[in-house]
Structures are given as structure tokens and as C-alpha cells.
Amino acid sequence: MSSHTFRCANCGAPLQSGDGDGVHVRCRYCRAENVLSRSIGAGDDPATKGRRLQLAAVEAQALAKRNEERSAALMAEFEALSLAAHQGDREAAEEAVVLMEGYLRLQYAPTVHMYTSYDPTDPAVVQAMQQIDAAVHQALAAVRESFGLPPR
Ligand SMILES: [Zn+2]
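Each value, and the rule that gives it
- Residues numbered from 1 in each chain as written.
- Predicted model: local features only at pLDDT ≥ 70, side-chain atom pairs only at ≥ 80, totals over all residues.
- Heavy atoms only, no water.
- Donors = N, O, S within 2.8 Å, 3.2 Å for Na, K, Ca; no water.
- Tetrahedral: all angles 85-135°; square planar, octahedral: opposite > 155°, others 65-115°.
- Buried < 20%, exposed > 50% of the residue type's maximum accessible area, 1.4 Å probe, protein only.
- Helix = DSSP H or I, 4+ residues; strand = E, 2+ residues; numbered from the N terminus.
- Expected span 1.5 Å × (residues − 1).
- Polar contact = N/O pair within 3.5 Å; in protein donor to acceptor, adjacent residues only side chain to side chain.
- Contact = heavy atoms within 4.5 Å.
- Salt bridge = Lys/Arg side-chain N within 4 Å of Asp/Glu carboxyl O.
- pLDDT = per-residue confidence, 0-100.
- Axes fitted to C-alpha atoms, helices over the stretch in contact; angles between N-to-C directions.
- Parallel < 35°, antiparallel > 145°, perpendicular 65-115°, else oblique.
- Nonpolar A, V, L, I, M, F, W, Y, C, P; charged D, E, K, R; others polar.
- Left-handed = near helix turned anticlockwise from the far one by under 90°.

1. Some points on the coordination of the zinc ion
Step number 1: Surrounding the zinc ion are the protein donor atoms Cys 8 (SG), Cys 11 (SG), Cys 27 (SG) and Cys 30 (SG), which sit 2.3 to 2.4 Å from the metal.
Step number 2: Every donor counted, the 4 donor atoms about the zinc ion form angles of 104 to 113° at the centre, which fits tetrahedral coordination.
Step number 3: Sequence spacing of the donor residues for the zinc ion, all on one chain, is C-x2-C-x15-C-x2-C.
Step number 4: Residue Cys 30 is classed as buried on the basis of its relative accessible area, which comes to 11%.

2. Regarding helix 2 (residues 90-118)
Step number 1: The end-to-end C-alpha distance of helix 2, which contains 29 residues, comes to 41 Å, matching closely the 42 Å that a straight helix rising 1.5 Å per residue would cover.
Step number 2: Where helix 2 begins, the side chain of Asp 89 points an oxygen toward the backbone nitrogen of Glu 91, at a separation of 3.1 Å.

3. Digging into the environment of Leu 15
Step number 1: Structurally, the position occupied by Leu 15 is in the segment before strand 1 (24-26).
Step number 2: Judged by its relative accessible area of 12%, Leu 15 falls in the buried class.
Step number 3: Along the chain, Leu 15 and Tyr 29 lie 14 residues apart, while their C-alpha atoms are 9.4 Å from each other.
Step number 4: Not counting residues up to four positions away in its chain, the partners in contact with Leu 15 are Phe 6, Arg 7, Cys 8, Val 25, Cys 27, Asn 34 and Leu 36.

4. Quick look at the pattern of salt bridges
Step number 1: Counted under the stated rule, the structure contains 8 salt bridges.
Step number 2: For Arg 105, the salt bridge identified is with Glu 101, shortest N-O distance 3.0 Å. Pair noted here: Arg 105 and Glu 101 are both in helix 2, with a separation of 4 residues, about one helical turn.
Step number 3: Judged by its relative accessible area of 2%, Arg 105 falls in the buried class.

5. Considering unusual backbone geometry
With glycine set apart, most residues show a phi of negative sign, and most peptide bonds adopt trans.
Step number 1: Not every positive phi belongs to a glycine, and Arg 31 is a case in point at roughly 70°.
Step number 2: Relative to the elements of secondary structure, Arg 31 occurs in the loop between strand 1 and strand 2 (33-35).

6. Some remarks on the confidence of the model for the chain
Step number 1: Taken as a whole, the chain shows an average pLDDT of 86; of its residues, 89% reach a score of 70 or greater.
Step number 2: By mean pLDDT, the top-scoring element of the chain is helix 3 (residues 123-146) (95), and the lowest-scoring one is strand 2 (80).

7. Structural notes on the packing of helix 1 (residues 46-86) against helix 2
Step number 1: One can describe the packing of helix 1 onto helix 2 by two numbers: an axis separation of 7 Å at closest approach and a directional angle of 170°. Put simply, helix 1 runs roughly antiparallel to helix 2.
Step number 2: For the contact of helix 1 with helix 2, the residue count by class is 23 nonpolar, 6 polar and 6 charged.

8. Details of the packing of helix 2 against helix 3
In a packed pair of helices, the relevant descriptors are the angle between the two axes and the axis-to-axis distance.
Step number 1: The N-to-C vectors of helix 2 and helix 3 enclose an angle of 165°; their axes lie 10 Å apart at closest approach. Put simply, helix 2 runs roughly antiparallel to helix 3. Considering only the axes of helix 2 and helix 3, their crossing is right-handed. Where helix 2 abuts helix 3, its residues Glu 94, Val 97, Met 100, Glu 101, Leu 104, Arg 105, Tyr 108, Thr 111, Val 112, Tyr 115, Thr 116 and Tyr 118 lie against Val 125, Ala 128, Met 129, Ile 132, Asp 133, Ala 135, Val 136, His 137, Ala 139, Leu 140, Val 143 and Arg 144.

9. Here's the deal with helix 3
Step number 1: In this model, helix 3 (24 residues) spans 35 Å end to end at C-alpha, consistent with the 34 Å of a helix rising 1.5 Å per residue.
Step number 2: Of all the positions in helix 3, only Val 125, Ala 128, Met 129, Ile 132, Asp 133, Val 136, Leu 140, Val 143 and Arg 144 are classed as buried.
Step number 3: Buried residues along helix 3 sit against helix 1 and helix 2.
Step number 4: With a side-chain oxygen positioned 2.8 Å from the backbone nitrogen of Ala 124, the residue opening helix 3 is Asp 122.
Step number 5: Positive backbone phi, at 75°, marks Gly 148, one or two positions downstream of helix 3.

If you want it as C-alpha cells, here you go:
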């Protein structure tokens, strides 16, 4: 098994191995069912990776389109919970943070899909994924702070 993090095929969020039976994992952010398999890409020649990237670019567009509705729903739910969160409801605040992560992950999903279709084990891809994770975590830290939640 390679050392890279498995990501949700729908939204690109890192998958927690505890969220399923080890083979089937349900994404905790967008609730998509994922089937884990050995990583694609490692050892493929550049031409093969290039063709996969071309296909992934088309899929990424479809993914962005498909995620629009879910994205809007997450934002609406987030805004509703924010009102309660700002009135001191900590449970609502924690839930709102998870919704915001789901929303942010969906925004990055087409990009993540393209990168990981190329080769999820490529060092440049691993680094790009880490940068996306860092950006998401930074945004969430700001949201937590705005709700008066302790940092994670
Ligand atoms: Zn997901």
C-alpha cells in the first residue's frame, strides 16, 4: 500500500480510514461512497499520464457543474448555523465548521481530481495536495476563531 492519503473521488477531502470498513469509505463531508483501491499512476509513462490528465480535465468540468448545487446547499446550511453559532451555540458552531470544510473541499475538488488523476504519488502532486489542505485548514481556523471556538 502506498503512503499517500486517499481522497474522496467526489470532493477531494482526505478520507479517514475509520469512516468505513477499510475498502468502502463514506466521505464525512459530502457523504459520497468511495471504494479504495491501489493507487493509479505510479510507474506509468508520461504519455499515459498525459492522456489521463486530458480526460481528467473534462471530468473536472463535469465535477464542478455537478457540485454546484451541493455547494450552494452547504453554504445555505452554514449561514443558518452561523446565526446560532454567533449567539453562543457551540454545537451549531462545530457543525458549521464541518459544513464549511465540505464547502471548501468541493471548491477544490476539480483541481484535486486533475492532480490525482495524473499521479497521486508524484512528489509535486503530493505537495500541491498538502498546500490545498493547508489552505483549507487555515480558512477553517479563521472560521473557528470567528465563532469563538478553541483552535484545533
Ligand atoms: Zn467527499
